[in-house]
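Observations on the model geometry
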Amino acid sequence: MNIDKIKERFIPMSETMFYILLSLCKERHGYGIMQHVRELTRGRVVLGAGTIYQSLQKLEANKLIEPVKEEDRRKYYLITKNGKEILLLEAARIKELYKNLEGLI
Amino acid sequence: MKDKKTYWLTAFRYVVPADYEKWFEELAADGWHPVRVGQWSSIAMRFRKGEPKKYRYVVDMQPAPKKEYKTTYKDFGWEFVGQMASAYVWRREYAGERPESFSDIDSRRGRNRRFIWAVAVSFAAFLICGTGLAGGFIFSGLGDSEKLQMGIFAAICFAAAAALSLVMRKIAKNIDR
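Residues numbered from 1 in each chain as written. Chains lettered and ligands numbered in written order. Predicted model: local features only at pLDDT ≥ 70, side-chain atom pairs only at ≥ 80, totals over all residues. Heavy atoms only, no water.

Regarding the pattern of salt bridges
As enumerated under the stated definition, the model contains 19 salt bridges over all chains in all. In this structure, Glu70(A) and Lys67(B) form a salt bridge, with 3.5 Å as the shortest nitrogen-oxygen distance. Taken together, the residues span two chains, with Glu70(A) in strand β1 (residues 65-71) and Lys67(B) in the loop between β4 (55-61) and α3 (68-75). Taking the relative accessible area as the measure of exposure, Glu70(A) reaches 41% and is therefore partly exposed. Residues Arg74(A) and Asp75(B) are paired through a salt bridge, measuring 2.7 Å at the closest nitrogen-oxygen approach. One end of the pair, Arg74(A), is in strand β2 (residues 74-79); the other, Asp75(B), is in helix α3, on a second chain. (Salt bridge = Lys/Arg side-chain N within 4 Å of Asp/Glu carboxyl O. Helix = DSSP H or I, 4+ residues; strand = E, 2+ residues; numbered from the N terminus. Buried < 20%, exposed > 50% of the residue type's maximum accessible area, 1.4 Å probe, protein only.)

Below, the structure is given as structure tokens:
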């Protein structure tokens, strides 16, 4: 699928998708992603099993992430080149938001 | 006191997944736990009296789950209760805040949409059967009693389709829960 279609589908991104994609800059499985995100947000974002499973399916179907290994029926994923491109675009968008927030709080 | 009871047609009475979960949880709080959840549990579900438990129940629809589906739930501490066709039932004991399996609105909507799709498949099947039978009733050259039978079955199919359309509507109205 071309990148413009993917952009349209994923940007702006939900917080859940953003943190899952960010977590997969390193190889992780579902439960590992939840632990990482909980740590990053100091317990504010606790992703559920159903949410993670569903999001990983969607990200994989759109080739933003790919499975790299399987151990004990656990799938480990890593971000793809397209995934990184989308993540960086979203990061730039958030940076712009942040810049425009100055003076508000 | 009786320590066993059976509930009938529960999957048809609590069509909104969030309502079905609540129903399981209220029973668990009174000490009633399903003996087994399997293929026929949507028709009859047996419960046995035990210790009251604070359970969070989750009902999920997965027509084609990957092999990591169950592992993911188990890693998060969910206990597999059983499955009725493609509807999976999970539970987890908790204290404090009620745990969520679908932790954001997108995935809750996704789960509910999968239920609507599953109902839509049966809806379409009843509609097709009903139309075929109604066609036979009106156009076929069969005898009166055969035609009458076809007409009755067509009416039953259409009634089932109408009921399922109400179910889809009800889930759609509660899509965020």
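Let's pick the thread back up.
A look at unusual backbone geometry
Residue and element names in this part refer to chain A. A cis geometry characterises the amide bond from isoleucine 11 onward to proline 12, with omega recorded as -5°. By secondary structure assignment, the location of proline 12 is in the loop between α1 (3-10) and α2 (15-23). Within the chain, arginine 42 stands out as a residue other than glycine whose phi angle is a positive 50°. For arginine 42, a relative accessible area of 81% gives the class exposed. Phi at aspartate 72 is positive, roughly 50°, even though this residue is not glycine. Along the chain, aspartate 72 falls in the loop between β1 and β2. Overall, the relative accessible area of 64% leaves aspartate 72 in the exposed class.

What to know about the sheet that holds strand β5 (residues 79-84) of chain B
Two orientations exist for strands paired in a sheet by backbone hydrogen bonds: parallel and antiparallel. All names here are of chain B. The three strands are arranged β4-β6-β5 in an open sheet whose pairing can be described as antiparallel. Single-partner strands in this sheet number two, and they are β4 and β5. Direction aside, neighbouring strands of the sheet carry axes that sit 20° apart on average. Against the sheet, α3 touches β4, β5 and β6 (87-93), its axis set at about 20° to β6. (Pairing = 2+ DSSP bridges. Axes fitted to C-alpha atoms, helices over the stretch in contact; angles between N-to-C directions. Contact = heavy atoms within 4.5 Å.)

What about the sheet that holds strand β2 (residues 32-34) of chain B?
Residue and element names in this part refer to chain B. The strand order across the open sheet built from three strands is β1-β3-β2, with neighbouring strands paired in antiparallel fashion. Each edge of the open sheet carries a strand with a single partner, namely β1 (4-8) and β2. Each strand of the sheet is rotated relative to its neighbour by a mean of 35°, with strand direction disregarded. In the sheet, β2 pairs with strand β3 (residues 44-49) via three bridges, with the strands oriented antiparallel. In the sheet register, histidine 33 faces β3, and the bridge partner there is arginine 48. Sheet strands in contact with helix α2 (residues 17-29) are β1, β2 and β3, and its direction is about 30° off that of β3.

Some words on the packing of aromatic side chains
In this description, an aromatic ring pair is defined by two values, namely the gap between the centres and the angle between the planes. All names here are of chain B. Evaluated as defined, the whole model comprises 21 aromatic pairs over all chains. On the basis of an interplanar angle of 75° and a centroid distance of 6.0 Å, the ring pair of tyrosine 69 and tryptophan 90 is categorised as edge-to-face. In this pair, tyrosine 69 is assigned in helix α3 and tryptophan 90 in strand β6, connecting sequence segments 21 residues apart. As far as burial versus exposure is concerned, tyrosine 69 and tryptophan 90 are alike and both buried. Clustering of aromatic rings is evident, with ring pairs tying together Tyr7, Tyr14, Tyr20, Trp23, Phe24, Phe47, Tyr55 and Tyr57. The aromatic ring of phenylalanine 80 is capped on one face by lysine 70, whose charged end is 3.9 Å from the ring centroid. (Phe/Tyr/Trp six-rings, centres within 6.5 Å; stacked < 30°, edge-to-face > 60°. Lys NZ or Arg CZ within 6 Å of the ring centre and 35° of its normal.)

Some words on the interface of chain A and chain B
Contact residues are listed per partner, giving 21 residues for chain A and 22 residues for chain B. Summed over both partners, the interface of chain A with chain B comes to about 1800 Å²; 52% of that surface belongs to carbon and sulfur atoms. Listed by contribution, the elements that provide at least two residues to the side of chain A that touches chain B are α3 (30-40), α4 (49-61) and β2 of chain A. If you tally residues by element for the side of chain A that touches chain B, the top one is α4(A), at seven residues. Here the side of chain A that touches chain B is built from residues that sort into eight nonpolar, eight polar and five charged. (Buried area = accessible area lost by both parts, 1.4 Å probe. Nonpolar A, V, L, I, M, F, W, Y, C, P; charged D, E, K, R; others polar.)

The quantities given are spatial measurements derived from coordinates; they are silent on function.
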